[in-house]
Amino acid sequence: VAAALGAAVVVALLLRSSKDDGLESLPPPPPAEPASNDGPTSEEPPKAGAKDAAKVEGGDKESAAKEDAEADDDMAAAAAKKKKKEESQQLTKTLEESDKLGKKLFKEGKYNEAAAAFSVAIEACGKLPKLNKQLAILLNNRSAMYEKAGLIDLALEDCAAVLKVDVAHSKARNKRARIFENQGNYQPALTELCALQLHFMHSNKDALMRGMPLNPPVEQEKMEELCNKCVPSAMEEAVKRRDEYQKEQKKSGRDLKLPTKHTVKLLLESFSNCEVWRADAAADKPVGELSVELAADLSNADKCDLLFRRGRRSAYEQNYDEAYADFRQAVKIVEESSDQEITDNMRYYPDLLEWEGICKHLTYDLTGAIVCYEKCLDICQESDATKRCTLMVKCAGIKMDEGEIAAAEKWFEKALDIDPNFPDALLHRSNLYMLKQELDKATVDIERCLSVKPDFLSAQLRQATLCMHQNQADKALKCLSVADKLSPKSSDIQVYLGELHFTTEKVDKALASFEKAMEYDKNNPNAYINAALAIMNKQPLPGQPPDVQRAMELLEKGLEIDPQFQGAYIHLGQLKLTMAKRLEDCLEVVELYNRGLNQCRTKEEMADLVKMLVMAECQYRAADLLGMTTLG
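In this report, we go over the structure that sits alongside the text. (Residues numbered from 1 in each chain as written. Predicted model: local features only at pLDDT ≥ 70, side-chain atom pairs only at ≥ 80, totals over all residues. Heavy atoms only, no water.)

Description of the overall build of the protein chain
Of the regular secondary structure elements, the protein chain holds 29 helices and 0 strands. Out of the 632 residues in the protein chain, the part that is buried amounts to 45%. A separation threshold of at least 6 residues defines the contact pool for the protein chain, and within that pool the share at least 24 residues apart is 60%. Element-wise, carbon and sulfur atoms account for 50% of the exposed surface of the protein chain, whose accessible area totals about 33,500 Å². (Helix = DSSP H or I, 4+ residues; strand = E, 2+ residues; numbered from the N terminus. Buried < 20%, exposed > 50% of the residue type's maximum accessible area, 1.4 Å probe, protein only. Contact = heavy atoms within 4.5 Å. Areas by Shrake-Rupley, 256 points an atom, 1.4 Å probe, with all protein chains shown as cover.)

Shown next, in the form of structure tokens:
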């Protein structure tokens, strides 16, 4: 009746668990109180008058009267004690008989009658002293009858009463979890299971620290199943909070802020025309001189061209937000101008559209980005095959981010129809194949790409990643060696090298590579976050724990650089829960997860963080139910 949702109940620290498949049995009643030394022990009251006669004969009448009064008090006390004992015996008899009847009726399937019998036993138990354990058992048994009879509210009331008596009562918690789950109240159900787990961990802390083989009260699969049931409603709430946050960001203009410099740089370098526009920007005038020219009285066309050139120069100097501001201003002038020939008189209009598309893509305005790219394709000359192919690959990237894989593949095919060996198309399509777990196709594309353009750094790194996925560590190392010659002191190459060492369980070497990556580029978030994970997996010195504080500092630094790095929120939250000294510290983790969710662009990005948020909230509530001051 009080089955534990299919989970096993711990019956001893080192014993295998067994399912709870029946009502609880009452323990034997406590032993009767010993006879008092200050009153009579016989059933016969003492005879009155013997002492008095002796006293009277001695002439002490006052003393005799006093003795008479004391004797009367003794007699009254003895009578009261006898009555109390008889009442207690009757109550105990009623309790035991009612309990026995309740169990009999339960076996006969007469659940309402069984509940009534247990009610009589509970009433009797409440009048007897020192029977809290028996009372909890009777309440739990009656709650089982109510549940069987479909009287769910009454069942929950009894469970609550049981837990007031015994906060760690596993059967009552399991029953509440089962009822809540059946009602569709998944978070309260998960909270009950978390309470079972937390109590188990707290009670067996020493054994767990010694690595003793214990069976937890709830199977991990059940926890995950219930957590997954919590996700839809939690996701809905998270999306609402994120939308409100992003609405506020939009009001202040912060929604147009680009990702980290490192992220933008990686995207730009994944296109082979990066070398061309960088050379053009380097040969152009500095930002200051272009700003002076912009202050002059110019036609709209000339002003837009100058804004584009200044934006391109800012991008060359990795001041990407300033670049995007110039591109936006130029596009706005074009859109608001009454001069229909403005674009015809602009030298850089197609380039401006392409850069505007890149920036919209980076700010996750995917619809706006593809409009820019397609508009650019419409005005791009057929003879400029490289430009057209580049735009098609960028359109494919938009479709990949939208999850429209088939549409992305069509864009790649269009580009490769124009140039079957276009390196950008081969590189980015290999990434698509990796996402689809089609590693053989990805390998064909990347090898073909490198045969056309062996000095393509992004392609060398992609091939190294492919080799790691295929457990070809030696081949991956060769790719990274080639990449290192192409770009010495590259932070990204050191990150890849660290990941390679990590996959081959060379954690010390991995950490050294990540530290070198931080040295080469202090704005590479991957270096900090991977270094934190390496620290947590590094074998500490004997008797010393991992340097959790250092790992947390690195994760926080990574998030400071890149607030959109979702994995870092998860790792940091887990470490913070581990180190929490107060229960209130758990609320900081909840806030951390909510902050991370506000930075997510899609529900797919939010999925893992929502699960972590659900678990953190339920663990906090569970610890509070148990009266714990920490999760430890």
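Once you've had a look at it, read on.
Description of the packing of aromatic side chains
The geometry of an aromatic ring pair is captured by two quantities: the separation of the ring centres and the angle between the planes. The tally for this structure, following the rule as stated, stands at 5 aromatic pairs. With a centroid separation of 5.8 Å and an interplanar angle of 35 degrees, the aromatic rings of phenylalanine 308 and phenylalanine 327 are classed as tilted. Placement of phenylalanine 308 in helix H13 (residues 300-316) and of phenylalanine 327 in helix H14 (residues 320-336) is noted, with a sequence separation of 19 residues between them. Both residues of the pair, phenylalanine 308 and phenylalanine 327, belong to the buried class. Ring centres 5.1 Å apart and planes at 25 degrees place the aromatic pair phenylalanine 308 and tyrosine 348 in the stacked group. Linking phenylalanine 308 in helix H13 with tyrosine 348 in the loop between H14 and helix H15 (349-362), this pair joins segments that are 40 residues apart in sequence. As far as burial versus exposure is concerned, phenylalanine 308 and tyrosine 348 are alike and both buried. Here the aromatic cluster, defined as three or more aromatic residues joined through ring pairs, consists of Trp277, Phe308, Phe327, Tyr348 and Trp355. (Phe/Tyr/Trp six-rings, centres within 6.5 Å; stacked < 30°, edge-to-face > 60°.)

A short note on the environment of leucine 435
In this fold, leucine 435 is placed in helix H19 (residues 423-435). For the pair leucine 435 and methionine 400, spaced 35 residues apart in sequence, the C-alpha separation works out to 9.6 Å.

With respect to the side chain of serine 513
Relative to the assigned elements, serine 513 resides in helix H24 (residues 507-520). Relative accessible area serves as the criterion here: at 6%, serine 513 is assigned to the buried category. Once you skip the residues sitting within four places of it in the chain, serine 513 turns out to touch Gln494, Leu497, Gly498 and His501.

A short note on the pattern of salt bridges
This structure, assessed with the given rule, holds 45 salt bridges. Glutamate 269 serves as the salt-bridge partner of lysine 265, at 3.3 Å between the closest nitrogen and oxygen. Of this pair, lysine 265 and glutamate 269 both sit in helix H10 (residues 261-269), 4 residues apart, roughly one helical turn. For lysine 265, a relative accessible area of 21% puts it in the partly exposed group. Residue lysine 399 pairs with glutamate 402 through a salt bridge whose shortest N-O separation is 3.2 Å. Residue class for glutamate 402 comes out partly exposed when judged on its relative accessible area of 30%. (Salt bridge = Lys/Arg side-chain N within 4 Å of Asp/Glu carboxyl O.)

Things to note about the packing of helix H7 (residues 186-203) against helix H9 (residues 220-252)
For the pair H7 and H9, the least separation of the axes is 9 Å and the interaxial angle reads 145 degrees. Crossing geometry of H7 relative to H9 is assigned as left-handed. Residues Tyr186, Gln187, Ala189, Leu190, Leu193, Cys194 and Gln197 of H7 form the contact with H9, whose participating residues are Lys222, Met223, Leu226, Cys227, Lys229, Cys230 and Ala234. Residues of the contact of H7 with H9, tallied by class, amount to 10 nonpolar, 2 polar and 2 charged. (Axes fitted to C-alpha atoms, helices over the stretch in contact; angles between N-to-C directions. Left-handed = near helix turned anticlockwise from the far one by under 90°. Nonpolar A, V, L, I, M, F, W, Y, C, P; charged D, E, K, R; others polar.)

Points about empty space enclosed by the protein
Scanning all chains against the criterion turns up 1 cavity of 30 Å³ or more. Its volume calculated, the largest cavity comes out at about 40 Å³. Elements supplying a minimum of two residues to the lining of the largest cavity: H14 and H15. Considering each element in turn, the lining of the largest cavity owes the most residues, 4 residues, to H15. Residue composition of the lining of the largest cavity, grouped by class: 10 nonpolar, no polar and no charged. (1 Å grid on protein atoms, 1.4 Å probe; cavity = no way out; pocket = protein on both sides within 12 Å on 5 of 7 lines; lining within 4 Å. Points joined across faces, edges and corners; volume = space filled by probe spheres on them.)

Some points on helix H21 (residues 457-469)
Between its terminal C-alpha atoms H21 stretches 19 Å, which fits the 18 Å expected from 13 residues at 1.5 Å a residue. Most of H21 sits out of view: 11 of its 13 residues are buried. Turning to H21, its buried residues are Ser458, Ala459, Gln460, Leu461, Arg462, Gln463, Ala464, Thr465, Leu466, Cys467 and Met468. Among the structural elements, H10, H19, helix H20 (439-452), helix H22 (473-486) and helix H23 (491-503) are those in contact with the buried residues of H21. (Expected span 1.5 Å × (residues − 1).)

Comments concerning helix H26 (residues 548-561)
Every α-helix winds through 3.6 residues per turn, so residues three or four apart in the chain are directed the same way. Its 14 residues place the ends of H26 20 Å apart at the C-alpha level, agreeing with the 20 Å of an ideal helix rising 1.5 Å per residue. Within H26, burial applies to Val548, Ala551, Met552, Leu554, Leu555, Gly558, Leu559 and Ile561. Considering only its buried residues, H26 is in contact with H24, helix H25 (525-537) and helix H27 (566-579).

Points about the environment of alanine 149
Tracing the sequence through the fold places alanine 149 in the loop between helix H4 (132-148) and helix H5 (152-165). Linking alanine 149 and lysine 110, residues 39 residues apart in sequence, is a C-alpha distance of 8.6 Å. In contact with alanine 149, other than residues within four places in its own chain, are Tyr111 and Asn112.

Focus on unusual backbone geometry
A positive phi angle, near 65 degrees, is found at glutamine 318, a position not held by glycine. Here glutamine 318 lies in the loop between H13 and H14. Given the relative accessible area of 29%, glutamine 318 is considered partly exposed. Not every positive phi belongs to a glycine, and glutamine 437 is a case in point at roughly 65 degrees.

Looking at the nonpolar core
Residues Met145, Leu190, Met606, Val610 and Val614 are the most contacted members of the largest nonpolar core, which totals 95 residues. In contact with leucine 190, not counting residues within four places along its chain, are Met223, Leu226, Cys227, Cys230, Val614, Met615 and Cys618. Ranked by size, the runner-up nonpolar core spans 67 residues in total, among them Leu307, Leu391, Leu450 and Ala459. (Core = buried A, V, L, I, M, F, W, Y, C linked by side-chain atoms within 4.5 Å.)

Observations concerning the environment of glutamine 197
Residue placement: glutamine 197 occurs in helix H7. On the basis of relative accessible area, glutamine 197 is assigned to the buried category, the value being 13%. Through-space distance from the C-alpha of glutamine 197 to that of glutamate 219 is 9.6 Å; in sequence the pair is 22 residues apart. When residues no more than four places from it in sequence are discounted, the contact partners of glutamine 197 are Pro216, Pro217, Val218 and Met223. In this structure the side chain of glutamine 197 is engaged in a polar contact, spanning 3.3 Å, whose partner is the backbone oxygen of valine 218. (Polar contact = N/O pair within 3.5 Å; in protein donor to acceptor, adjacent residues only side chain to side chain.)

Concerning the side chain of arginine 462
Counting through the fold element by element, arginine 462 comes out in helix H21. No salt bridge is formed by the buried arginine 462, whose closest oppositely charged neighbour, glutamate 499, lies at an N-O distance of 9.0 Å. (Lys, Arg positive; Asp, Glu negative; His and termini not counted.)

Some thoughts on the packing of H22 against H23
Close contact between H22 and H23 brings their axes to 10 Å; oriented N to C, the two are set at 165 degrees. In terms of orientation, H22 lies roughly antiparallel with respect to H23. For the crossing formed where H22 meets H23, the hand is left-handed. For the pair H22 and H23, the contacting residues are Ala473, Ala476, Leu477, Leu480, Ala483 and Asp484 in the first and Ile493, Tyr496, Leu497 and Leu500 in the second. Split into classes, the residues belonging to the contact of H22 with H23 amount to 9 nonpolar, no polar and 1 charged. (Parallel < 35°, antiparallel > 145°, perpendicular 65-115°, else oblique.)

In short, shape yes, function no, at least from these values alone.
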